Amino acid sequence: MKIVIIGNGISGITTARHIRKLSNHEILVISSETEHFFSRTALMYIYMGHMKYEHTKPYEDWFWDKNRIDLLFAKVAQVQAKQKQLQLEDGRMITFDKLVIATGSTPKTLEWPGVNLKGVQGLYSKQDVDLMEENTKDITDAVIVGGGLIGIEMAEMLRSRNINVHFLIREQYYWNSVLPKEEASLINNHIAAHHIHLHTNTQLKEIIGDENGKVKAVITHDGIEIACQFVGLTIGVNPNINFLQNSEIETDRGVLINEYLETNHPDIYALGDCAQFRHPKNLHPAVEQLWYTGKMQAETLAQNICGDKRAYERGVWFNSAKFLDIEYQTYGYMFNKPLEGEQSFYWEHPKGKIACRINFKATSKAVTGFNFLGMRFRQQTANDWIKNEMPLQNVMQELEKGFFDPEFFENHYLAIVEKFNTDYPEMAISVKKKKKFLIW
């Protein structure tokens, strides 16, 4: 059987690797982004000079031949689903027995005046980083439009080259559509401490170009002009599915799939950022655009293609990121406000760079989710406690077991407990202080 996978990101490559573990099927991976799989989350470090592109490849180039996974650097122009064949942009035709669509995302944009000027771009692909390298050479000022994780990554990248950054967000606080006010406010202050000009409650109206067609300024919705030579558009991403027009594969925001990652066509599947669940479970997003969910979907799909059919089960929601030098982890459904019937405990270090939040059900006191900023917590521990609906009082008693910060980092457990006992005296816990030993 010949299996063709479009896209060599984490979803496509994990599918290929697991199919190889389970079978001897012929596997072909097609990508127009790069010849080999690389870590997308490391792209920013190439621009910042911490890594070279070669360092972002998890596997040596000989890995693919050894594992009989064929790679083709080409762009798919059209999918002919009924004929079970692909047409490449150069006119070549590729046939398949089973097809996997794993084409990821593309940066979202809006019809602002000046959006096509030189120096205006999004950030998602290796080509975007190459373009950013070209567009930011010898510039002094940049504007980023839109918060979120890509926006703050782009700000960090630009500041690493001492480029003056103006960061425009619609909300009062950074990523306040996701983060609760306290965490979002903490990040606001941290952005300012990194000398990034955060313009809150601000929207882009127009991008102004010079006589050479290159960006020279932006104008905000309230008429303020900001001089710049680069504009980064980071208002989100869209599933990369334009090439599926006229393919008879059903799409909406993404490629429509069921819980087995099947499309409306037999033997054609989709997963990762480009896929959209037809019937997502309660509180589950229809499009899951995370690294780890792409891996989990791929492992399920490989089983399905190789004959062991099973539904995709993601389990407890998890995500991690970095806001400049503050690490962020979230477990469970943590929104900017607790869900109905939930309460929230929040602790923040006086210096404003470390915080934790625990949501729990008001009646049973079972924990439902965690946010951690500036401290590391074991995923399996958080996952088990949420899944087993562990009572908050027990969680607080055991909380220290989940921390795994590097050696010599300050332990904040006692401070967190002290705040908890003040906020919830009816659930107060007692903790023995550890003895300190002098070593000489």
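Parameters at a glance
Residues numbered from 1 in each chain as written. Predicted model: local features only at pLDDT ≥ 70, side-chain atom pairs only at ≥ 80, totals over all residues. Heavy atoms only, no water. Helix = DSSP H or I, 4+ residues; strand = E, 2+ residues; numbered from the N terminus. Rg over C-alpha atoms; globule rule 2.2 N^0.38 Å. Buried < 20%, exposed > 50% of the residue type's maximum accessible area, 1.4 Å probe, protein only. Contact = heavy atoms within 4.5 Å. Areas by Shrake-Rupley, 256 points an atom, 1.4 Å probe, with all protein chains shown as cover. Lys, Arg positive; Asp, Glu negative; His and termini not counted. Charge placed at Lys NZ, Arg CZ, Asp CG, Glu CD. Axes fitted to C-alpha atoms, helices over the stretch in contact; angles between N-to-C directions. Left-handed = near helix turned anticlockwise from the far one by under 90°. Nonpolar A, V, L, I, M, F, W, Y, C, P; charged D, E, K, R; others polar. Domains from an automatic or database assignment. Buried area = accessible area lost by both parts, 1.4 Å probe. Salt bridge = Lys/Arg side-chain N within 4 Å of Asp/Glu carboxyl O. Polar contact = N/O pair within 3.5 Å; in protein donor to acceptor, adjacent residues only side chain to side chain. Phe/Tyr/Trp six-rings, centres within 6.5 Å; stacked < 30°, edge-to-face > 60°. Lys NZ or Arg CZ within 6 Å of the ring centre and 35° of its normal. Pairing = 2+ DSSP bridges. Expected span 1.5 Å × (residues − 1). Patch = residues over 30% accessible without salt bridge, like charges linked within 9 Å, V, L, I, M, F, W, Y side chains within 5 Å.

Enquirer: Account for the overall build of the protein chain, with residues named and values stated.
Expert: The number of helices and strands found in the protein chain is 10 helices and 25 strands. Expected size for 440 residues packed as a compact globule is a radius of gyration near 22 Å; at 24 Å, the protein chain falls within 12% of this value. Dimensions along the principal axes, computed over C-alpha positions, put the protein chain at roughly 70 × 60 × 50 Å. In the protein chain, which comprises 440 residues, the share counted as buried stands at 51%. Long-range pairs, those at least 24 residues apart, make up 59% of the contacts in the protein chain between residues at least 6 apart in sequence. For the protein chain, the computed accessible surface area is about 21,800 Å², with 48% contributed by carbon and sulfur atoms. Charge-centre separation for the protein chain: the mean point of 49 positive side chains lies 4 Å from the mean point of 54 negative side chains.

Enquirer: Tell me about the packing of helix α1 (residues 10–22) against helix α7 (residues 291–305), residues and numbers included.
Expert: When two helices pack together, their arrangement is given by the angle between the helix axes and by the axis-to-axis distance. Closest axis-to-axis distance for the α1/α7 pair is 8 Å, and the angle between their directions is 35°. In this structure, α1 meets α7 at a crossing whose hand is right-handed. Listed contacts from α7 to I10, S11, T14, T15, H18, I19 and L22 of α1 are W291, G294, K295, A298, E299, L301, A302, Q303 and I305. The residue makeup of the contact of α1 with α7, split by class, is eight nonpolar, six polar and two charged.

Enquirer: Kindly report on the domain arrangement of the protein chain, identifying the contributing residues and their values.
Expert: Its domain assignment divides the protein chain into domain 1 (2–106 + 238–306), domain 2 (120–235) and domain 3 (318–427). Here domain 1 and domain 2 have C-alpha centroids that lie 30 Å from each other. Listed as interface residues are 13 residues of domain 1 and, on the opposing side, 15 residues of domain 2. For the pair domain 1 and domain 2, the summed buried area comes to about 1,300 Å², and 65% of that belongs to carbon and sulfur atoms. Applying the counting rule to domain 1 against domain 2 returns zero salt bridges. Where domain 1 meets domain 2, there are eight residue pairs in polar contact (both at pLDDT 80 or more). Ranked by the residues each element gives to the side of domain 1 that touches domain 2, the list is headed by helix α2 (residues 43–47), at three residues.

Enquirer: Before we move on, could you go through the packing of aromatic side chains and cite the residues and values that matter?
Expert: For the structure on display, the rule yields 28 aromatic pairs. With centroids separated by 5.1 Å and ring planes inclined at 35°, the aromatic side chains of F323 and Y328 adopt a geometry described as tilted. The structure contains a cluster of three or more aromatic residues connected by ring pairs, namely Y292, F318, Y331, F370, F372, F377, W385 and F403. Lying across the ring of Y47, R161 places its NZ or CZ 3.7 Å from the centre. Taking NZ or CZ as reference, K309 lies 4.6 Å from the ring centre of Y260, over its face.

Enquirer: Kindly report on the side chain of H412, identifying the contributing residues and their values.
Expert: Tracing the sequence through the fold places H412 in the loop between α9 (392–398) and α10 (413–423). Look at H412 and you get buried, because its relative accessible area is 9%. Filtering out sequence-adjacent residues up to four positions away, H412 remains in contact with W347, H349, I354 and M375.

Enquirer: I'd love a proper account of the pairing of strand β23 (residues 342–348), names of residues and values included.
Expert: When β23 meets strand β24 (residues 355–361), the two strands line up antiparallel, connected through seven bridges. When the bridges of β24 are listed, Y346 appears paired with R357. Two successive antiparallel strands, β23 and β24, enclose a turn made up of six residues, where G352 displays a positive phi of approximately 75°.

Enquirer: I'd like a description of α7, backed by residues and values.
Expert: For α7, built from 15 residues, the straight-helix expectation of 21 Å at 1.5 Å per residue is met to within 8% by its first-to-last C-alpha distance of 21 Å. Counting buried residues in α7 gives 11 out of 15 residues, a clear majority hidden from the surface. Of the positions making up α7, those classed as buried are Y292, T293, G294, Q297, A298, T300, L301, A302, Q303, N304 and I305. Immediately downstream of α7, the backbone of G307 shows phi near 100°, a positive value.

Enquirer: Requested: an account of a negative patch on the surface, with residues and values cited.
Expert: A surface patch of like charges, here negative, comprises E26, D65, D70 and D97. Here E26 lies in strand β2 (residues 26–31).

Enquirer: So what's going on with the sheet that holds strand β1 (residues 2–6)? Residues and values would help.
Expert: One open sheet holds the five strands; their spatial order is β3-β2-β1-β7-β19, and the pairing between them is parallel. Edge positions in the sheet fall to β3 (69–73) and β19 (268–270), since each of these pairs with one other strand and no more. Each strand of the sheet is rotated relative to its neighbour by a mean of 20°, with strand direction disregarded. As judged from the four bridges shared by β1 and strand β7 (residues 98–101), these two strands associate in the parallel manner. Along β7, the bridge assignment pairs V4 with L99. Each of β1, β2, β3 and β7 is contacted by α1, which is oriented at about 170° to β2, the strand it contacts most.

Enquirer: Go over unusual backbone geometry, please, and point to the residues and values.
Expert: Phi is positive for D138, which is not a glycine, with a value near 65°. Take D138: it is sitting in the loop between α4 (126–135) and β10 (141–145). Phi angles above zero are rare outside glycine, and H195 is one such case at about 60°. With respect to the element layout, H195 can be found in the loop between α6 (181–193) and β12 (197–199).

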